[in-house]
Amino acid sequence: RDISAADGAEDGGGGGGVDPTTIDTSAIVGQLARYFDARNGGWGDEPKFPQPMVLEFLVRHIDDTGDPRPRSFLEKSLTSMADGGIYDLLGGGFHRYATDAEWLVPHFEKMLYDNAQLARVYLHAWQVTGSDRFRDVARETLDYVLREMRHPRGGFFSSQDADSEGEEGKFFVWSYAELDQLLGGDTALAAKAWDASRGGNWEGKNILHRVADPDELAAEWGVDPEQVAKQLNEIRQRLWHEREKRVKPGLDDKVLTSWNGLMLAAFAEAGSALGEERYLAAARANASFLLDTLLTEDGRLRRVWTERQGSNLNGYLEDYSHLIEGLLALYQATFEYRWFAAARDLADIMIERFRAEGGGFYDTSDDHETLITRPRDLHDNAVPSGNAMASTVLLKLAALTGESRYQDEARATFDQIAGSLQHNPMAFGQWLAAYDLLAGGRREVAIVGDPHAKETQELLDVVRETFRPNTIVALQDPENPSDVPLLKGRTTINGRAAAYVCKGFVCQRPVMEADELRVQLDQGA
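Thresholds applied
Residues numbered from 1 in each chain as written. Predicted model: local features only at pLDDT ≥ 70, side-chain atom pairs only at ≥ 80, totals over all residues. Heavy atoms only, no water. Helix = DSSP H or I, 4+ residues; strand = E, 2+ residues; numbered from the N terminus. Rg over C-alpha atoms; globule rule 2.2 N^0.38 Å. Buried < 20%, exposed > 50% of the residue type's maximum accessible area, 1.4 Å probe, protein only. Contact = heavy atoms within 4.5 Å. Areas by Shrake-Rupley, 256 points an atom, 1.4 Å probe, with all protein chains shown as cover. Lys, Arg positive; Asp, Glu negative; His and termini not counted. Charge placed at Lys NZ, Arg CZ, Asp CG, Glu CD. Salt bridge = Lys/Arg side-chain N within 4 Å of Asp/Glu carboxyl O. pLDDT = per-residue confidence, 0-100. Pairing = 2+ DSSP bridges.

### Quick notes on the overall build of the chain
And step 1. A count of helices and strands for the chain gives 20 helices and 14 strands.
And step 2. Over its C-alpha atoms the chain spans a radius of gyration of 24 Å, differing by no more than 12% from the 24 Å that the globule rule assigns to 525 residues.
And step 3. Overall size of the chain, expressed as C-alpha extent along the three principal axes, is 70 × 55 × 45 Å.
And step 4. Among the 525 residues that make up the chain, the fraction classed as buried is 58%.
And step 5. Across the chain, contacts joining residues at least 24 apart in sequence account for 68% of those joining residues at least 6 apart.
And step 6. Taken as a whole, the chain presents about 21,100 Å² of accessible surface, with 45% of it coming from carbon and sulfur.
And step 7. If you average the places of the 56 positive and of the 85 negative side-chain charges in the chain, the two averages end up 1 Å apart.

Structure (structure tokens):
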């Protein structure tokens, strides 16, 4: 059945039987505060991992209650990581984790899933805070992936090793003598900005990382900050070009469906938010590659592809759920129907083949090789659990289709962990996003108008001007009607582009002006 008007009105936007007061997000922030490293950002001691899903929770909630802690935790963590050795100052992208509490010394391996999730959270943090630094880190991370981790056909590789020539970190670190020989008179500025010394900061070598920004250096030396920033950027380029001459770390060139789904979502959202067509082109190429190469004739996913062996292994739950997430992000960035259709088809197979009695999903399909126990992992780890992401994407599909079966499955999945979420949020980061969609006032926005017309773009720009995590958007060209159910029956008004803001398919009056749309979206945000 469809989500009825009563459903939408009763739960205030798709919460169904979940009482929004059941889980106290303020208490979750309190739990995170207990383990937060106020000095260095992040959580816990050493080794220290970035925790992108927890950071996403904070992005969602920094303006919810007036509590300053979510913003402070978010900004401190993202700034400290970007300033630390865990971030590749020259080439962009994040190493896997830090071996110390200060984010200085990384395990130098670079993983696709880390960079997918971190690029996305830095992008969202820029949208919410306006920090140019966060935007730049997102760009540099995605540019690194395009340069180093992409197959010519569009798939993304799995990882780069920590070591080269048998030595961990050799590709990334510098002796002071190397810097001085290359930079000459610029060495002192680089050393001051990026913590380089003759003795080094790690095993006699230097892990370049940011310890002073251009404003601080300009004030200390009495020069123009813009000139310092320009000079540092030129130095970075010289060092990067020199580093490119070294033997690079080994590359794991497997294309994994689930990790590619995460990166697909990052490129799609960045292309939309930043107006970067090259990111959207990369996302389209990636989605096309995955659907053409890892999808069987009967609509089933394979888990892995390599140049040598082609596609292989039955897909797991996370392969379906993560790819659906990427496809839905790409649909909302481009409004090309094929991505929505592919996401819905995969979701239907996911429900048919992975669903567990009593709610939730198994990690393996019903025709997977026989195991002693059919696994079902509910905890989020380095990547979102298949169940958490399944709940997330089913709620998004409910918003686009009006089909309550997707929402019912998501709710039943969420019920498997609802009692644990508040007590151990670090283990359930993606579930927090699912809960926010389930109980936090999910809204649908249907825009109808010529996609190339200024008035249509002005409406779309309002939706995209900040991070609106619970807003699901669809767009229809009146000259080329779409089969996305949210758009059914929506029309232009007197020939003008119009936007319909809805909850559970119950819509407010359509608006044609950007300011009016902003008011509707900001109500209850």
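There is more to say, and it comes next.
### Some words on the pattern of salt bridges
And step 1. Across all of its chains, the model carries 47 salt bridges by this definition.
And step 2. Between Arg-120 and Glu-269 there is a salt bridge; the shortest N-O distance is 2.9 Å. Pair noted here: Arg-120 is in helix α5 (residues 112-129) and Glu-269 is in helix α11 (residues 257-274), with a separation of 149 residues, a long-range link.
And step 3. In this structure Arg-120 comes out as buried when scored by relative accessible area, which is 12%.
And step 4. The class for Glu-269 is partly exposed, based on a relative accessible area of 21%.
And step 5. Glu-513 is paired through a salt bridge with Arg-496; the nearest N and O atoms lie 2.9 Å apart. Of this pair, Glu-513 sits in the loop between β14 (506-507) and α20 (514-522) while Arg-496 sits in the loop between β12 (471-476) and β13 (498-503); the two residues are 17 residues apart in sequence, bridging distant segments of the chain.

### Remarks on the confidence of the model for the chain
And step 1. Mean pLDDT over the chain works out to 93, with 96% of the residues at or above the 70 mark.
And step 2. Between residues 1-17, whose pLDDT stays under 50, and residues either more than four places distant or in other chains, the model counts 36 contacts.

### Some details on the sheet that holds strand β3 (residues 110-111)
And step 1. Taken in spatial order, the 3 strands make up an open sheet running β3-β4-β7, and their pairing is antiparallel. Edge strands, defined here as strands with exactly one partner in the open sheet, are β3 and β7 (251-252).
And step 2. Sheet analysis places strand β4 (residues 159-160) next to β7, joined by 2 bridges and oriented antiparallel. Following the sheet pairing, Ser-159 is matched in β7 by Asp-252.

### Side note on the pairing of strand β10 (residues 310-314)
Every regular strand shows the same layout, with side chains that alternate between the two sheet faces.
And step 1. In this sheet, β10 lies alongside strand β9 (residues 302-306) in antiparallel orientation, the contact comprising 4 bridges. Paired with Val-304 across the bridge in β10 is Asn-312.
And step 2. Turn length for the β9-β10 hairpin, with the two strands adjacent in sequence and antiparallel, is 3 residues.

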